[in-house]
Amino acid sequence: MPLTRPLADATVVITGASSGIGTATAYDLARRGTAVVLAARSESALSDVARRCRELGGRALAVPTDVTDPVAVEDLAARAVAEFGRIDAWVNNAAVSAVGLFDEIPVAELRRVVEVNLLGTAYGMRAALPWLAAAGGGVLVNNASVLAEVAMPYQSAYNATKHGVRGLADTVRQELRVTDRGTISVCTVLPATIDTPFFRHAGNHTGRELVPPPPIYPPELVAETIVRLLRRPRREAYAGGAARLMGLQWRLAPALTERALGWYVHRTQFGSARAAQSSGNVFRPDAEAVREGGWQGRRRQLTRLTAAFGLAAAGTAVGTVAAMTRRTRSGR
C-alpha cells in the first residue's frame, strides 16, 4: 500500500543521510516538499544536509543517531513524531563495510559491520512499525544492495549482512500480511555500484587502493527508485541495469556467475596505488556531507569492458540453461 498522503505532506525518516544515497534521497524528497528526518552519526554533516533540504523547499530535522543503539533509534522515531506529528515512511540506508579477505578482517570490524548493516536495519524497522500503523499505513524501504542477491569477493561481512537484510524484509512482510497489517509495505532496493564515498570510506585490509567495480551509477538513480517505491510499493526494485543483469545471471547459472563475478571484481575493485590498513568509517563517522564519490571518470573509462562482460556472462548463462534443458528432455 502506498503512502496515505502526498509526498508534500508526508514525513520520511532516512538513516545514513549524511552522504551518498541517503543525501541524494533527502534532496529528492525535499524538492517535493516532504518533511525529512535525517539520521547519521555526524552532527555537522547532518546539519549541512538539513540546511540544503530547506533551501530546496523541504522541511528537515537532523537527529544524530548511531543505528547500532536501539534506544537511540527509538528516540529518533519519537523526535520525528514530536516535530512533524507522524511518520509516513522510513528508509533504512545506513551501512559500512570492511573490505579484505574474510580471515584477515579484524573480528571487531566484522562485528561492527553486522551491527550497523543488519541490526541497525532491524532496529529501524522495529522503531518504525508502530508509528506507521498509527498513521494508518506507510512504507518501509531497506537499501540492501544487489549484494543481497549475488556475492563478490573481499566483501564477506557486507555480503552477509545484505543477504540478511533481504531475508528480514521478506519475513516481516509475511508477518504483516498474516496479522492483517497489510497497510504497511516493506520494500527492498537492490542497487548496482553507485558513485558515492562508500569505497573511499570503507575499512580497507587489502593493502591496495579500493575503487568501485563498474558500471557505476549516480546516487540520484537510487533516490529516484526509493521515491517510486514510496508512491508505488513493490517487494523489490533494482537500481541500475547491471544489478538486474547480475541477479538474472545468478538465478540462471549461480555457479558460473559466482566464478565470473569473482574474476571480474578481483580485477576491477583495486586501483594501482598502495593503501595502508585502515578501519575507515566503520567506527568513526564521516565529517563531511558528500553525495558523490568522484568516480565519474571511471564510469566512462570501463563502460565497454563492463558491457562485454555482461553480455558474455548472460549469453553463457542462457546457454547453460538451454543445455541443461536439453539434457533433461533427453533423460540424461
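All values reported here derive from a predicted model rather than from experimental measurement.

Our focus in this paragraph is the packing of helix α1 (residues 20-31) against helix α2 (residues 43-55). Contact geometry of α1 with α2 gives a least axis separation of 8 Å together with a crossing angle of 25°. Looking at the two axes, α1 sits roughly parallel to α2. For the crossing formed where α1 meets α2, the hand is right-handed. Touching T23, A26, Y27 and A30 of α1 are V49, R52 and C53, all from α2. Grouping the constituent residues of the contact of α1 with α2 by class yields five nonpolar, one polar and one charged.

Turning our attention to the nonpolar core. Residues I14, L29, L38, C53, V141 and L230 are the most contacted members of the largest nonpolar core, which totals 53 residues. Sequence-distant contacts of V141, defined by excluding residues within four places in its chain, comprise W90, V91, N92, C187, V189, I226, L229 and L230. Residues L61, V67, M125 and L140 belong to the second largest nonpolar core, which totals 34 residues.

With that settled, the discussion passes to the pairing of strand β7 (residues 184-191). The side chains of a regular strand alternate, residue by residue, between the two faces of the sheet. Extensive coverage of β7 is indicated by the burial of eight of its eight residues. Side chains of β7 alternate between two faces, with I184, V186, T188 and L190 and S185, C187, V189 and P191 buried alike. Summarising the sheet, strand β6 (residues 138-143) and β7 pair through six bridges and their orientation is parallel. Each residue of the ladder has a partner; that of N142, found in β7, is T188. In this view, the connection linking β6 to its parallel neighbour β7 by way of helix α5 (residues 156-178) has right-handed handedness. Of the strand pairs in this sheet, β7 and strand β10 (residues 236-239) are connected by four bridges, and their pairing is parallel. Among the inter-strand pairings, L190 is bridged to a residue of β10, identified as Y238.

What counts, and where the lines are drawn
Residues numbered from 1 in each chain as written. Predicted model: local features only at pLDDT ≥ 70, side-chain atom pairs only at ≥ 80, totals over all residues. Heavy atoms only, no water. Axes fitted to C-alpha atoms, helices over the stretch in contact; angles between N-to-C directions. Helix = DSSP H or I, 4+ residues; strand = E, 2+ residues; numbered from the N terminus. Parallel < 35°, antiparallel > 145°, perpendicular 65-115°, else oblique. Left-handed = near helix turned anticlockwise from the far one by under 90°. Contact = heavy atoms within 4.5 Å. Nonpolar A, V, L, I, M, F, W, Y, C, P; charged D, E, K, R; others polar. Core = buried A, V, L, I, M, F, W, Y, C linked by side-chain atoms within 4.5 Å. Buried < 20%, exposed > 50% of the residue type's maximum accessible area, 1.4 Å probe, protein only. Pairing = 2+ DSSP bridges. Right-handed = clockwise from strand over helix to strand, strands pointing away.

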